[in-house]
Amino acid sequence: MKALLCKQFGPPETLVLEEVDTPPVGANQVLIDMRAAAVNFPDSLIIEDKYQLKPELPFSPGGELAGVVTAVGDDVTHVRPGDEVIAFTGYGAFAEQVVTRADQVMPKPAGLDHVTASACVMTYGTSYHALVDRAGLSSGESLLVLGASGGVGLAAIEIGKALGAHVIAAASSEAKLAVCREHGADETIDYTQTDLRKALKDMTGGAGVDVVYDPVGGAATEAALRGTGWRGRLLVIGFASGDIPKPPLNLALLKGASIIGVFWGSFVQREPEANADQLKTVFEWIRAGRLRPHIGSIYPLARGGEAIAALANREVSGKLVITPEDG
């Protein structure tokens, strides 16, 4: 089988496509024929040894996929060969065949194609956990989404609207903001052209926003924190800008605000039953049309490095997906 391999830590162009042996299947593992695998920001970090998860070389990046089960270990009972499934793997998904732990595999919801299904778990799982579980976002509250045209950003917009929030989307171009409006954003801010703090003050009548969803980091974090209202909540999702901010903590004190960390991958491992319940709601909302996964582009496996680079450079809107087919 073919796999896109990280054989030395470095940028996406150092990844290589090679023939490798099909991995053996342990007693509590599942072997899956990959039909589609989504690209996520951690993929760009893990190949440069900049992520919390540090697999041994060589390895394939790719944290989530959809496909068909081809073999199961002796202790696996909830799926069987021929089943269509989704898997959250952390890494290893950018290969024609993937072996992963059974507890990382779930049946693919009926009615979802493989490409769409591969792009749901991490973005919607992260955003639902952040907004519902960590922030307790309520109907009638205001939500600011930074980096709003990316995969997790669009998921946050849709989930915010499903919860009854007033959603303000911030992104770096009018084209990206147009995508945000298509996915339900009530108001938009181009933070390359507008003072973010002032815009939030104007949009909220001086009250400030209730919740900030921040997968970007950098200078936008402090501006957004300054734009929160009393008892505001800043959700720390990630640092796509490459800059881990250090906002003045007196801002949190003066506003009675909370700075809340969101590490969905650790939540999945520590609280698997709670995660399963949250994903059940997510898939129900997708089937009902309340959430609409946006696929920006599809790349063949051989060009997976290009897909990771495009995401890392914030050149795209929505999710990028890799498939095993050439073309």
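Quick caveat: nothing in here was measured; it's all calculated off a predicted structure.

Caption draft 1: Representation of the nonpolar core. In this structure, Leu131, Leu143, Ile157, Tyr213 and Leu235 are the most contacted members of the largest nonpolar core, which totals 45 residues. Those residues within four positions of Leu235 in sequence are excluded, and the remaining contacts are Ala130, Leu131, Arg134, Ala135, Val211, Val212, Tyr213, Asp214, Ile260 and Val262. One finds Val85, Val98, Leu301 and Ile308 within the second-largest nonpolar core, a separate group that totals 35 residues.

Caption draft 2: Structural context of the packing of aromatic side chains. Within the structure shown, the criterion is met by four aromatic pairs. On the numbers, 5.9 Å between centres and 80 degrees between planes, the contact of Phe59 with Tyr91 is edge-to-face. With a gap of 32 residues between them, Phe59 in the loop between α1 (41-46) and β4 (64-72) and Tyr91 in the loop between β5 (84-88) and β6 (97-101) connect regions that are remote in the sequence. Members of the aromatic cluster, connected to one another through ring pairs, are Phe9, Phe59 and Tyr91. Taking the ring centre of Trp285 as reference, the NZ or CZ of Arg290 above it sits at 4.6 Å.

Caption draft 3: Highlighting the packing of helix α6 (residues 196-203) against helix α7 (residues 219-226). Where α6 contacts α7, the axes come no closer than 8 Å and their chain directions differ by 30 degrees. As summarised for this structure, α6 and α7 are arranged roughly parallel, according to the angle between their axes. Crossing of α6 over α7 shows right-handed handedness. Contacts between α6 and α7 involve Leu196, Arg197 and Leu200 from the former and Ala220, Ala223, Ala224 and Arg226 from the latter. Its residues assigned to classes, the contact of α6 with α7 comprises five nonpolar, no polar and two charged.

What counts, and where the lines are drawn
Residues numbered from 1 in each chain as written. Predicted model: local features only at pLDDT ≥ 70, side-chain atom pairs only at ≥ 80, totals over all residues. Heavy atoms only, no water. Core = buried A, V, L, I, M, F, W, Y, C linked by side-chain atoms within 4.5 Å. Buried < 20%, exposed > 50% of the residue type's maximum accessible area, 1.4 Å probe, protein only. Contact = heavy atoms within 4.5 Å. Phe/Tyr/Trp six-rings, centres within 6.5 Å; stacked < 30°, edge-to-face > 60°. Helix = DSSP H or I, 4+ residues; strand = E, 2+ residues; numbered from the N terminus. Lys NZ or Arg CZ within 6 Å of the ring centre and 35° of its normal. Axes fitted to C-alpha atoms, helices over the stretch in contact; angles between N-to-C directions. Parallel < 35°, antiparallel > 145°, perpendicular 65-115°, else oblique. Left-handed = near helix turned anticlockwise from the far one by under 90°. Nonpolar A, V, L, I, M, F, W, Y, C, P; charged D, E, K, R; others polar.

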